[in-house]
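Coordinates in review
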Amino acid sequence: MTIFCSHCHRPLQAEMSCLPRRGKQAPGASKPFRSTKSASKARRDQINVELQALRSLLPISTREKERLSYLHTMALVCLRLRGAQLFPPDSAPPAGPMLGSELLSLLPGFLLVLSASGKLVYISENVAQVLGLSMVELLAQGDSVFDILDGRVCEEVRKKLLLAQEEPGREVTFVSEMRTSKAFRLQHGGDRAVAVRGRFTALRWPASPSTTAFLALCTPLTWSDSDASSQDNLFQSTHILDMTFIDITESVTYHLGYHREELIGQSWYSLLHPEDIDLAAAQHRALGESLGAGTAAGTVVLRVLRRDRTWAWLRVSARRDGGGRSITCTSRCLR
């Protein structure tokens, strides 16, 4: 069987001069693409032009636009695209960017809208009054709510968001420290504790993950005493390793309403809000895995039952003492 050349249709055993030789182009063939410095520069210039065009469309001040990096520009663009998907231009968003500054100033905190996966969709401009960072500056931390929260509570927050998503209309609350500006941290000695309370709501029908958003109000928590360094707004408790009270300062009566004698012999877990037990247990396990006295497990924010059956927010730090045979908790009240 004779095989013919696909170029000139002559038998393959004939002279193969019809085929393009190495280093040469066949007649009429386009030149091979070769990456050169000039081509790379042209591509970069084209990308820069597109990014400048996207930046010009962002509804922020000229000063903020000039400070945006390329990655920051793309983060803002993605935020606006997610917002446009949930809040089409022909709809009236319940927490959209057209809220007036006068209305926002009446709120005790800032508004937050998340997608079903926890991506940031909208942050009201008055966030700067709470965290010391503008909406644009906050997005430099990342495009997910987990990028701006204390990493130790992220898993617990994921569980609560999943619970709220599975039961539409159910309100959930969680407290976490949120990232703040450097100036805020220098002034207040750390990031800010914020209570986030919200629920998933279907913004359009039929309801689906792409049309459902988590709408929340984020309220800052402050020390119960105006002087954060005062000893009057904290109390200390000592526990055996299973977190049973063996001692507690008398000031607990002022903060929680209990007399010292009522708590000794009780378990710390009997006072915790059911939704915060897993978070407290994680801190407890971290202490249990430590080897000796003086080891700290960090700080968590928890709800503790008062004697009048209301809930108090406490910022609790724990460490092992007594040669590792006891645990000391320092609790500071928040409001």
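The chain carries the name NPAS4 protein in an unreviewed UniProt entry, which gives Atlantisia rogersi as its organism. Under the Subcellular location (unreviewed entry) heading, UniProt states for the chain: "Nucleus".

A look at the packing of aromatic side chains
Under the counting rule described, the total for this entry stands at two aromatic pairs. Pairing Phe245 with Trp268 gives two aromatic rings, centres 6.0 Å apart and planes at 65°, and the pair type is edge-to-face. Pair noted here: Phe245 is in strand β7 (residues 245-248) and Trp268 is in the loop between α10 (260-263) and α11 (277-288), with a separation of 23 residues, a long-range link. One exposure class covers both Phe245 and Trp268, and it is buried.

Focus: the side chain of Asn126
Mapped onto the secondary structure, Asn126 falls in the loop between β2 (120-123) and α5 (127-131). Classification of Asn126 as buried rests on a relative accessible area of 6%. One polar contact links Asn126 to Ser124, side chain to side chain, over a distance of 2.5 Å.

Describing helix α7 (residues 154-166)
The end-to-end C-alpha separation of α7 is 18 Å, in line with the 18 Å expected for 13 residues at 1.5 Å each. Taken together, the buried positions of α7 are occupied by Cys154, Glu156, Val157, Lys160, Leu161 and Ala164. Taken end-on, α7 shows its buried residues confined to a sector of 155°, consistent with a single buried face.

The rules behind these values
Residues numbered from 1 in each chain as written. Predicted model: local features only at pLDDT ≥ 70, side-chain atom pairs only at ≥ 80, totals over all residues. Heavy atoms only, no water. UniProt positions renumbered as here; feature names shortened; annotations may be inferred. Phe/Tyr/Trp six-rings, centres within 6.5 Å; stacked < 30°, edge-to-face > 60°. Helix = DSSP H or I, 4+ residues; strand = E, 2+ residues; numbered from the N terminus. Buried < 20%, exposed > 50% of the residue type's maximum accessible area, 1.4 Å probe, protein only. Polar contact = N/O pair within 3.5 Å; in protein donor to acceptor, adjacent residues only side chain to side chain. Expected span 1.5 Å × (residues − 1). Arc of directions from axis to C-beta.

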